[in-house]
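An overview of the molecular structure
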Amino acid sequence: MLTGRNILLGISGGIAAYKTPQLVRLLKKSGADVQVLATTSALKFVSELSLATVSNRPVLTGIFTADTEGEYTRHISLGEWADAFVIAPATANTLARLATGLCDDMLSLCFLTLRPDKPVLIAPAMDGHMYNSLSVQRNLSTLAEEGCRILEPESGSLASGQCGLGRMPEPETIFEALAGMLATPEKSALNGKTVVVTAGPTREKIDGVRFLSNYSSGKMGFAIAADAARRGAVVRLVTGPVNLPTPPGVERIDVESAEQMLAAARPLFDDCDLFIGAAAVADYRPEASVEGKIKKKDAEMEIRLVRNPDILAEFATNRKPGQLAVGFALETAGGIDYARKKLTDKQLDLIAFNIYNGHTSGFEVDTNVLTLLGRDGSVTELPLLSKEKAAAKLLDAVETILPR
Ligand code: CTP
């Protein structure tokens, strides 16, 4: 399953480390080459000889070792070599070091040299109270936001004799999770296609220090871009100002205003197979923006707004045969007819009617309620889903209409 794949296995010092030779064996049996990076604490729980024997490579621990054999930049070549990085078990201490960018051993150093588009799987394992502590949870959130996949620990008996959350999942479970992350999405109709996604809000400048904008977080567009890349598409993400990490394998272009978004997206129109407008583009901009700061006066103030270009409509109405156009329609409940009208007016193939309720659906939140309306009249109501799952459902629907 993993033939020819190069895996870095980081092992830190928790009791679950004793299970890692089995994980190495599973990886090796499936055809992977495994380089173990163990912390010194890990080697108190599992023998270096066992790990070296099953991996058929020396275990690397410290940075300054006598056996460098002229390989003074081994951490860099390993970061280039690896197709994925698994950290199991990940202790609270290792999570903290990874989340803050410390790099004082081979495990943490290679975490920094790993190529940004390569998947990272982290299996935390520790006492349940430690796991639920604010600092561990904060570090896990940081790592998840950076794109690492966190494999939740399991509940069961712990080394302390207590029962609770914190056990490292079995090596088979870790192996399955990694294999899933490395699976080639050959069945996806998006594999090899070029996708352009717009995301986030736009900022329309009033003066040097003020702008008009909206509450869009960009999460939906980023989730779509991430999933399309996982399906093997070449993904170009044109985004307004957001506070989100670039999904692995996605080419990102940052812009501010609607006009800049159009200028960045337009050159990408020609050779894309699919355009997904997930950005909350401001419909209007101040007619003239002022350099510096507008000073207040003892009078009312008026800002004249002019229409912005419609990026999605420009793509959809000028596209070549075979190119698909997908949009979103953010409406308050009952706005499905507006969504239908946008589908027709903008000449789209599919529109996601996105109910805005301010709590579980719409801007800023992590979940969404979408109804997918197809050009053919089809209506698919999706339940409340995480934005990641909603993105996957949207792309599943796109795949059914994408020319092969
Ligand atoms: N869109 C766009 N450029 C714009 C406005 C909207 O590309 N200037 C895209 C959005 O990314 C979305 C779709 O068009 O995919 C619909 O956006 P929405 O804001 O819901 O609708 P509008 O067309 O702006 O209409 P209204 O604001 O009146 O609801």
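Residues numbered from 1 in each chain as written. Predicted model: local features only at pLDDT ≥ 70, side-chain atom pairs only at ≥ 80, totals over all residues. Heavy atoms only, no water.

**So, the overall build of the protein chain**
For the protein chain, the count of helices and strands is 14 helices and 21 strands. Here the protein chain holds 404 residues, and 49% of them are scored as buried. Approximately 19,800 Å² of the protein chain is accessible, and the part contributed by carbon and sulfur atoms is 52%. Computing the positive centroid from 43 side-chain charges and the negative centroid from 48, the protein chain places the two 1 Å apart. (Helix = DSSP H or I, 4+ residues; strand = E, 2+ residues; numbered from the N terminus. Buried < 20%, exposed > 50% of the residue type's maximum accessible area, 1.4 Å probe, protein only. Areas by Shrake-Rupley, 256 points an atom, 1.4 Å probe, with all protein chains shown as cover. Lys, Arg positive; Asp, Glu negative; His and termini not counted. Charge placed at Lys NZ, Arg CZ, Asp CG, Glu CD.)

**Side note on the pairing of strand β13 (residues 274-277)**
Two faces belong to every sheet, and in a regular strand the side chains alternate between them. In β13, alternate side chains face the same way, and those of Leu274 and Ile276 on one face and Phe275 and Gly277 on the other are all buried. Of the pairings in the sheet, the one linking strand β8 (residues 194-199) to β13 comprises 4 bridges and is parallel in character. Note on β13: the bridge partner recorded for valine 196 is phenylalanine 275. Here 4 bridges tie β13 to strand β16 (residues 324-332), and the two strands are oriented parallel to one another. Looking at the pairing, leucine 274 lines up with leucine 324 of β16. (Pairing = 2+ DSSP bridges.)

**Side note on the sheet that holds β8**
Within a sheet, neighbouring strands are paired by backbone hydrogen bonds and run either parallel or antiparallel to one another. Judged by pairing direction, the sheet is mixed, and its 8 strands sit side by side in the order β12-β11-β8-β13-β16-β17-β19-β20 without closing on themselves. Each edge of the open sheet carries a strand with a single partner, namely β12 (250-254) and β20 (379-381). Neighbouring strand axes in the sheet, compared pairwise and without regard to direction, differ in orientation by 15 degrees on average. Judged from the 7 bridges that link them, β16 and strand β17 (residues 350-356) form a sheet pairing that is parallel. Among the inter-strand pairings, glutamate 331 is bridged to a residue of β17, identified as isoleucine 355. (Axes fitted to C-alpha atoms, helices over the stretch in contact; angles between N-to-C directions.)

**Considerations on the site of the ligand**
Lining the immediate surroundings of the ligand are 14 residues, of which Gly277, Ala279, Asp283, Lys342 and Lys346 lie closest. Side-chain polar atom of aspartate 310 to a nitrogen atom of the ligand: 3.5 Å apart, as the coordinates give it. For the ligand, whose free accessible area comes to 570 Å², the fraction covered by protein is 77%. The pocket occupied by the ligand, as judged from atoms lying within 2 Å of grid points, is the second largest pocket. Mapped by element, the contributors of at least two residues to the shell around the ligand are α12 (311-318) and β16. In terms of residues, the shell around the ligand owes the most to one element, β16, which gives 4 residues. (Near = heavy atom within 4 Å. Polar contact = N/O pair within 3.5 Å; in protein donor to acceptor, adjacent residues only side chain to side chain. 1 Å grid on protein atoms, 1.4 Å probe; cavity = no way out; pocket = protein on both sides within 12 Å on 5 of 7 lines; lining within 4 Å. Sits in = over half its atoms within 2 Å of the grid points.)

**Re the nonpolar core**
Counting 34 residues, the largest nonpolar core has Ile224, Ile276 and Phe328 as the members making the most contacts within it. Contributing elements (two or more residues each) for this core: β8, α10 (219-230), β11 (234-239), β13, β16, β17, β19 (370-374) and α14 (387-401). In terms of residue count, the dominant contributor to this core is α10 (7 residues). Residues contacting isoleucine 224, with those up to four places away along its chain left out, are Val197, Ile276, Ala278, Phe328, Ala391, Leu394 and Leu395. (Core = buried A, V, L, I, M, F, W, Y, C linked by side-chain atoms within 4.5 Å. Contact = heavy atoms within 4.5 Å.)

**Some remarks on the layout of surface pockets**
Vacant regions in the atomic arrangement are exposed by a probe of water-molecule size rolled over the atoms. Volume-wise, the largest pocket comes out at about 1,500 Å³. Taken together, 40 residues form the lining of the largest pocket, with Gly147, Ala226, Arg230, Pro247 and Pro248 sitting closest to its centre. Elements with a minimum of two residues in the lining of the largest pocket: α8 (134-145), β5 (149-150), α9 (171-182), α10 and α14. A total of 7 residues in the lining of the largest pocket trace back to one element, the largest contributor, which is α10. A class-by-class count of the residues in the lining of the largest pocket yields 17 nonpolar, 9 polar and 14 charged. (Points joined across faces, edges and corners; volume = space filled by probe spheres on them. Nonpolar A, V, L, I, M, F, W, Y, C, P; charged D, E, K, R; others polar.)

Honestly, it's all geometry; don't read function into it.
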